[in-house]
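# Tertiary structure, described
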Amino acid sequence: MSKTNSTTDQRPYHHGDLQRAIVDAALEVLSESQSTEFSLRELARRAGVSHNAPYKHFADKRELLAAVSAVGFELLAERMAKATKGLGSPRERLAAMAGAYVCGGANNPALYRLMFGGYLTGQNSDRPVIERTAAYRMKALIVDAMSGGALGREIPNTAENESKLDGAILVFWSQLHGLTLLLVDRLVGPAEALRELTDSVLQAMLNGLANYIPAIPPGVWVGPPLAD
């Protein structure tokens, strides 16, 4: 699977933007090495600051990685939104978002595993608040397309329909998450067929959801909850 050379634009460190400089350095190292086995000292060196500087904003490495994951969700949401520009049909928009999702994960597996894996999950099963907030914004894009008619009919985004929309999102996310990991682990391929594979899986899934949306049992959440 191909790897991106850098997740962010090259940004020189400016006084007052130390926190983002450290996060950007972490994103670059993660993209280059495809591993979270780096030190805060290494990030400080790359950002051109003292080795103690990261601790002004991050208590430990987990807190830093939570910020990295949050930026990952922000970047993914940006890619998904950009992919929908000029598309009027909700189904076309959802298909474009699906392509951006799978492509983003396949091109930077380490960041994808950090965002969607269990590394940041605490002992009480909570995810960091900064990450949950960013992930919720990405979920909102999917909800907008689904409620607008991507499943063959409009499903107003109301409290009454929350369970129905979550059921559709659970199917959508499960399929794309599974396909992304199959591509990353080279159990499905080749990588050059990513777009065609994603579109084929998505269309079959949407055809199924047009006929049946699974019920979500009470108390079940889909996507990181914003509050405990």
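Where an unreviewed UniProt entry is consulted, the protein appears under the name TetR/AcrR family transcriptional regulator, with the organism given as Rhizobium mayense.

### Quick notes on the packing of aromatic side chains
Under the defined criterion, the tally for this structure stands at 5 aromatic pairs. Geometrically, the ring pair formed by Tyr101 and Tyr112 is edge-to-face, given 5.8 Å between the ring centres and 90° between the ring planes. With Tyr101 in helix H4 (residues 90-107) and Tyr112 in helix H5 (residues 109-116), this pair connects stretches of sequence that are 11 residues apart. Summarising the aromatic geometry, the rings of Tyr101 and Phe116 are spaced 5.6 Å apart at their centres and angled 55° between planes, so their arrangement reads as tilted. Of the two residues, Tyr101 sits in helix H4 while Phe116 sits in helix H5, which places them 15 residues apart along the sequence. Look at Tyr101 and you get buried, because its relative accessible area is 3%. Assessed through its relative accessible area of 17%, Phe116 is described here as buried. Pairwise contacts between aromatic rings join Phe73, Tyr101, Tyr112, Phe116 and Trp173 into one cluster.

### Description of helix H1 (residues 18-33)
For H1, built from 16 residues, the straight-helix expectation of 22 Å at 1.5 Å per residue is met to within 8% by its first-to-last C-alpha distance of 22 Å. The buried fraction of H1 is high, at 12 of 16 residues. Buried within H1 we find Leu18, Ala21, Ile22, Val23, Asp24, Ala25, Ala26, Leu27, Glu28, Val29, Leu30 and Ser31. Looking at the buried positions of H1, the neighbouring elements they touch are helix H2 (40-47), helix H3 (61-83) and H5.

### Focus: the pattern of salt bridges
Should the charged atoms of two oppositely charged side chains come close, the side chains can pair. Evaluation of the coordinates by the stated rule reveals 6 salt bridges. Across the pair Arg20 and Asp24 runs a salt bridge whose closest N-O atoms are separated by 2.7 Å. Separated by 4 residues within a single helix, Arg20 and Asp24 lie in helix H1, roughly one turn from each other. We classify Asp24 as buried; its relative accessible area is 4%. Lys139 is the salt-bridge partner of Asp166, the closest N and O atoms lying 3.2 Å from each other. Here Asp166 is found in helix H7 (residues 162-184), whereas its partner Lys139 is found in helix H6 (residues 129-150), with 27 residues between them in sequence. By relative accessible area, which is 18% here, Lys139 ends up buried. One network of salt bridges, in which partners are shared, links Glu28, Glu32 and Arg46.

### Brief notes about the confidence of the model for the protein
Per-residue pLDDT for the protein averages 85, and the proportion of residues at 70 or more is 89%. Every residue in residues 1-15 scores below 50 in pLDDT, and together they form 33 contacts with partners more than four places removed in sequence or on other chains.

### Here's the deal with the UniProt feature "DNA-binding region" (unreviewed entry) in the protein
If you check UniProt for "DNA-binding region" (unreviewed entry), the listed places come out as residues 39-58 in our numbering. When the span residues 39-58 is considered, its composition is 40% helix and 0% strand, and the gap between its end C-alpha atoms is 13 Å.

### A short note on the side chain of Ser147
Assignment of secondary structure puts Ser147 in helix H6. Its relative accessible area of 13% is what places Ser147 among the buried residues. A distance of 3.1 Å separates the side chain of Ser147 from the backbone oxygen of Asp144, its partner in a polar contact. Those residues in contact with Ser147, other than ones at most four positions away along the chain, are Glu154, Ile155, Pro156, Asn157 and Leu165.

### Topic: the packing of H5 against H7
One way to put it is that H5 packs onto H7 with a least axis distance of 11 Å and a crossing angle of 145°. Between H5 and H7 lies a crossing of left-handed hand. Across the interface between the two elements, Pro109, Tyr112, Arg113 and Phe116 of H5 pack against Trp173, His177, Thr180, Leu181 and Val184 of H7. Class assignment of the residues belonging to the contact of H5 with H7 gives a composition of 6 nonpolar, 2 polar and 1 charged.

What counts, and where the lines are drawn
- Residues numbered from 1 in each chain as written.
- Predicted model: local features only at pLDDT ≥ 70, side-chain atom pairs only at ≥ 80, totals over all residues.
- Heavy atoms only, no water.
- Phe/Tyr/Trp six-rings, centres within 6.5 Å; stacked < 30°, edge-to-face > 60°.
- Helix = DSSP H or I, 4+ residues; strand = E, 2+ residues; numbered from the N terminus.
- Buried < 20%, exposed > 50% of the residue type's maximum accessible area, 1.4 Å probe, protein only.
- Expected span 1.5 Å × (residues − 1).
- Contact = heavy atoms within 4.5 Å.
- Salt bridge = Lys/Arg side-chain N within 4 Å of Asp/Glu carboxyl O.
- pLDDT = per-residue confidence, 0-100.
- UniProt positions renumbered as here; feature names shortened; annotations may be inferred.
- Polar contact = N/O pair within 3.5 Å; in protein donor to acceptor, adjacent residues only side chain to side chain.
- Axes fitted to C-alpha atoms, helices over the stretch in contact; angles between N-to-C directions.
- Left-handed = near helix turned anticlockwise from the far one by under 90°.
- Nonpolar A, V, L, I, M, F, W, Y, C, P; charged D, E, K, R; others polar.

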